[in-house]
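# Chain and residue survey
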Protein chains: 2
Amino acid sequence: MISIVLLGAGNVASHLYKAFSKAKSITVTQWYNRSFDAIKSYQNETEVIDSLDKLKEADIYILAVSDDSISKLSKMLPFSDKFVVHTSGSVNIHDLDKRNKRGVFYPLQTFSKTAEIDFSNVPICIEAEEREHRSILKSAAEAIGSPVYKINTEQRQILHLSAVFVNNFTNQLYRIAHEISDAKNINFDILKPLILETAKKVEDMSPYLAQTGPAKRNDKKTLKRHLKQLENDQHKAIYELLTASIKQTHGVSTSSTTRKS
Amino acid sequence: MISIVLLGAGNVASHLYKAFSKAKSITVTQWYNRSFDAIKSYQNETEVIDSLDKLKEADIYILAVSDDSISKLSKMLPFSDKFVVHTSGSVNIHDLDKRNKRGVFYPLQTFSKTAEIDFSNVPICIEAEEREHRSILKSAAEAIGSPVYKINTEQRQILHLSAVFVNNFTNQLYRIAHEISDAKNINFDILKPLILETAKKVEDMSPYLAQTGPAKRNDKKTLKRHLKQLENDQHKAIYELLTASIKQTHGVSTSSTTRKS
Ligand SMILES: NC(=O)c1ccc[n+]([C@@H]2O[C@H](COP(=O)([O-])OP(=O)(O)OC[C@H]3O[C@@H](n4cnc5c(N)ncnc54)[C@H](OP(=O)(O)O)[C@@H]3O)[C@@H](O)[C@H]2O)c1
Ligand SMILES: NC(=O)c1ccc[n+]([C@@H]2O[C@H](COP(=O)([O-])OP(=O)(O)OC[C@H]3O[C@@H](n4cnc5c(N)ncnc54)[C@H](OP(=O)(O)O)[C@@H]3O)[C@@H](O)[C@H]2O)c1
């Protein structure tokens, strides 16, 4: 049995709480949050607290709080030599106060409070100073059905950066498509199956092999017409830059002229 | 019963052939391709031909051939006053020879020859000069289980442009994430659940509402670190441009300074 004390009550902490409390091999010993209101409705299920002085013994203390407050909160913990982890993709493991043994339990997924989360779709990237602690983190992740990856701080920060590309930036491309289709009274729903298929395609094919379209084919007529159709200068710039990036990846010369047959 | 003659044997034609031949209310009268090899294995199922002179009567002639050859092929058809459509997202309906009645049957999805296609995930955008013909196209699309949308040429070309953003450009962002994670020996598989979730999220939430991350939060510390981590100048430029685009969409001032609490 792994005992866990959870600190924080935001998106990540709330989903972790639900998953941990369902897992057979895990006990959530306590749930701490600085504001009590967010957790008080759980007081019949676990011990909810808003004072750090009340913290009890546990195998893992998980600080699922804002990046900026991880270091500060770790310094306020009233004990030493216990195992303390944060859940951030970007914060260094050494930002945790060194009085305790340190680790990271980073769920690489996008969380929002309302949507249900199936943790089998949430890879957990773990890091720990000691092998024994890494193995506890691995068991905790497996107990909620998550795939587990051993990752060091540099790799985790690169993953966090990669996540910005595949999540935030991709979503912004959806947004631009939404804008330009809306402007011509086109239902955005028409694009949704393509959005989903594009994501599914790279499940078992590399993005390199999955690429198609006018940039890869260097279809100058279409590229030119598309640029003409775009009314917003920033959209034009994005079109040009990503087209150049695709050409670069696929070795399409950017200066050559194509002859039409 | 709708009778169809299919012309072309590429990605789109092959998938349409399979779907049409399974549909109860559709007969594929003939399948034409200029090179016979691509279709000859189907000669026990339908009439396969490589000469336009042999073309028989049908309700719809579907030209599923390369964009560049649609106009030329339509001029070579040895008949007039029949109903001829192409399947392209970007070619004008008027590029079809005007001796025949014209239309478009554009499947908004990414096709590759190997992958199985479920046409319930392939929205068909239809256009026709005459209402009666539009209704035949609608029935043909419904017969293979596809959602149908009535779209004019301008809207179709904007959809095609939007498809470049949500398909080709999005896939290129996946590619960049693949490159930067590969460079640090990180398994790209870790990012796949996030890729899928990002696509699923906009099924029932607008991309505007789905946005999160350092650009939207104007988290300058993270933005700066990410830029430092990117080694490739083109990747840096893409990071900066898409970050600016997110800030613009969400009204984040690009000049303001944030104070850390
Ligand atoms: N959201 C995601 O998709 C996601 C994904 C992977 C990893 N993460 C990481 O997980 C961690 C938590 O993220 P989140 O999305 O759950 O954040 P969140 O929803 O904004 O919640 C933040 C939590 O931190 C607490 N907090 C903030 N400042 C504090 C302080 N000075 N002292 C004590 N508690 C404080 C807040 O308490 P109050 O309730 O009292 O305000 C709240 O419970 C972050 O490190 C984040 O990078 C997030
Ligand atoms: N692929 C997609 O994801 C997709 C999606 C939506 C719409 N579309 C549109 O569907 C159409 C077909 O695309 P595709 O991907 O199926 O193309 P494809 O796989 O490249 O196949 C092209 C077909 O056109 C034939 N062809 C080329 N030039 C010809 C000519 N001069 N005369 C007669 N036939 C000729 C080829 O015949 P041979 O076999 O003899 O070479 C081949 O059968 C295009 O308009 C495209 O824009 C494609």
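Residues numbered from 1 in each chain as written. Chains lettered and ligands numbered in written order. Predicted model: local features only at pLDDT ≥ 70, side-chain atom pairs only at ≥ 80, totals over all residues. Heavy atoms only, no water.

Time to look at the site of ligand 1. Residues and elements named next belong to chain A. Ligand 1 sits among 22 residues. The nearest are Ala9, Val12, Arg34, Ser35 and Asp67. With respect to ligand 1, the backbone of alanine 9 contributes an N or O atom lying 2.7 Å from an oxygen atom. In the environment of ligand 1, an oxygen atom lies 3.3 Å from a nitrogen or oxygen atom belonging to the backbone of glycine 10. Contributions of two or more residues to the shell around ligand 1 are made by helix H1 (11-22), helix H2 (67-76) and strand S6 (101-107). At four residues, H2 tops the list of elements feeding residues into the shell around ligand 1. (Near = heavy atom within 4 Å. Polar contact = N/O pair within 3.5 Å; in protein donor to acceptor, adjacent residues only side chain to side chain. Helix = DSSP H or I, 4+ residues; strand = E, 2+ residues; numbered from the N terminus.)

For the rest of this paragraph, the subject is the domain arrangement of chain A. The accessible area lost on association of the parts is a frequent measure of interface size. All names here are of chain A. Examined at the domain level, chain A breaks down into domain 1 (2-151) and domain 2 (156-249). Here domain 1 and domain 2 share an interface that buries about 760 Å² over both sides, 55% of which is from carbon and sulfur atoms. Two residues, arginine 156 and glutamate 127, come together in a salt bridge whose shortest N-O distance is 3.0 Å. Our count for the domain 1 to domain 2 interface comes out at four residue pairs in polar contact (both at pLDDT 80 or more). Residue assignment for the side of domain 1 that touches domain 2 shows that the elements contributing at least two residues are S6 and strand S7 (124-128). (Domains from an automatic or database assignment. Buried area = accessible area lost by both parts, 1.4 Å probe. Salt bridge = Lys/Arg side-chain N within 4 Å of Asp/Glu carboxyl O.)

Next up on the list: the site of ligand 2. All names here are of chain B. The environment of ligand 2 is formed by 22 residues, the closest being Ala9, Val12, Arg34, Ser35 and Asp67. Between ligand 2 and the protein, one listed contact pairs an oxygen atom with a backbone N or O atom of valine 12 at 2.9 Å. At 2.9 Å, a side-chain N or O of arginine 34 approaches an oxygen atom of ligand 2. Protein chains shield 75% of the accessible area of ligand 2, which is 900 Å² for the free molecule. The set of elements that each furnish at least two residues to the shell around ligand 2 consists of helix H1 (11-22), helix H2 (67-76) and strand S6 (101-107). (Areas by Shrake-Rupley, 256 points an atom, 1.4 Å probe, with all protein chains shown as cover.)

Moving on: the nonpolar core. Grouped together as the largest cluster of nonpolar side chains are 74 residues, with contacts concentrated most on Phe165 of chain A together with Phe165 of chain B. For this core, the secondary structure elements donating two or more residues are S6, helix H4 (153-182), helix H5 (192-201) and helix H9 (233-249) of chain A together with S6, helix H4 (153-182), helix H5 (192-201) and helix H9 (233-249) of chain B. (Core = buried A, V, L, I, M, F, W, Y, C linked by side-chain atoms within 4.5 Å. Buried < 20%, exposed > 50% of the residue type's maximum accessible area, 1.4 Å probe, protein only.)

Turning to the pairing of strand S1 (residues 2-7) of chain B, a few remarks are in order. All names here are of chain B. Burial analysis of S1 places six of its six residues in the buried class, the great majority of the element. Side chains Ile2, Ile4 and Leu6 project from S1 onto one buried face, and the interleaved Ser3, Val5 and Leu7 project onto a second face that is buried too. Note: S1 against strand S2 (residues 26-32), six bridges, orientation parallel. Bridge pairing in S2 links leucine 7 to tyrosine 32. Each parallel crossover has a hand, and the one from S1 via H1 to S2 is right-handed. Strand direction decides the pairing type here: S1 and strand S4 (residues 60-63), joined by four bridges, are parallel. From the neighbouring strand, leucine 7 faces S4, where its bridge partner is leucine 63. (Pairing = 2+ DSSP bridges. Right-handed = clockwise from strand over helix to strand, strands pointing away.)

Further remarks concern the side chain of arginine 156 of chain B. All names here are of chain B. Note on placement: arginine 156 falls in helix H4. For arginine 156, a relative accessible area of 1% translates into the label buried. Within the structure, the side chain of arginine 156 is placed 3.0 Å from the backbone oxygen of serine 88, a separation counted as a polar contact. A distance of 2.9 Å separates polar atoms of two side chains, one belonging to arginine 156 and the other to glutamate 127.

What follows is about the interface of chain B and chain A. Tallying the contact residues gives 86 residues for chain B and 86 residues for chain A. Both faces considered, chain B and chain A share a buried interface measuring about 8,600 Å² in area, 66% of it formed by carbon and sulfur atoms. For the pair chain B and chain A, the interface holds two salt bridges. Lysine 184 of chain B serves as the salt-bridge partner of glutamate 154 of chain A, at 3.1 Å between the closest nitrogen and oxygen. At the junction of chain B with chain A, the criterion picks out 24 residue pairs in polar contact (both at pLDDT 80 or more). Among the secondary structure elements, those contributing two or more residues to the side of chain B that touches chain A are H4, H5, helix H6 (207-210), helix H8 (220-229) and H9 of chain B. In terms of residues, the side of chain B that touches chain A owes the most to one element, H4 of chain B, which gives 27 residues. The residue makeup of the side of chain B that touches chain A, split by class, is 40 nonpolar, 32 polar and 14 charged. (Contact = heavy atoms within 4.5 Å. Nonpolar A, V, L, I, M, F, W, Y, C, P; charged D, E, K, R; others polar.)

A few words on the UniProt feature "domain: Pyrroline-5-carboxylate reductase catalytic N-terminal" (unreviewed entry) in chain A. Those places that UniProt annotates as "domain: Pyrroline-5-carboxylate reductase catalytic N-terminal" (unreviewed entry) correspond, in this numbering, to residues 4-86 of chain A. Helix makes up 27% of residues 4-86 of chain A and strand 27%, whereas the separation of the span's terminal C-alpha atoms amounts to 13 Å. (UniProt positions renumbered as here; feature names shortened; annotations may be inferred.)

The transform that puts chain B on chain A rotates by 180° and translates by 0.0 Å along the axis, for an RMSD of 0.0 Å. The transformation just described matches what one would write down for a two-fold rotation axis. Distance from the rotation axis, computed per C-alpha, reaches its smallest value in chain B at threonine 170 of chain B: 2.7 Å. The share of interface residues of chain B whose copies in chain A are also at the interface is 100%, consistent with both copies meeting through the same surface. (Least-squares fit on C-alpha atoms with pLDDT ≥ 70 in both.)

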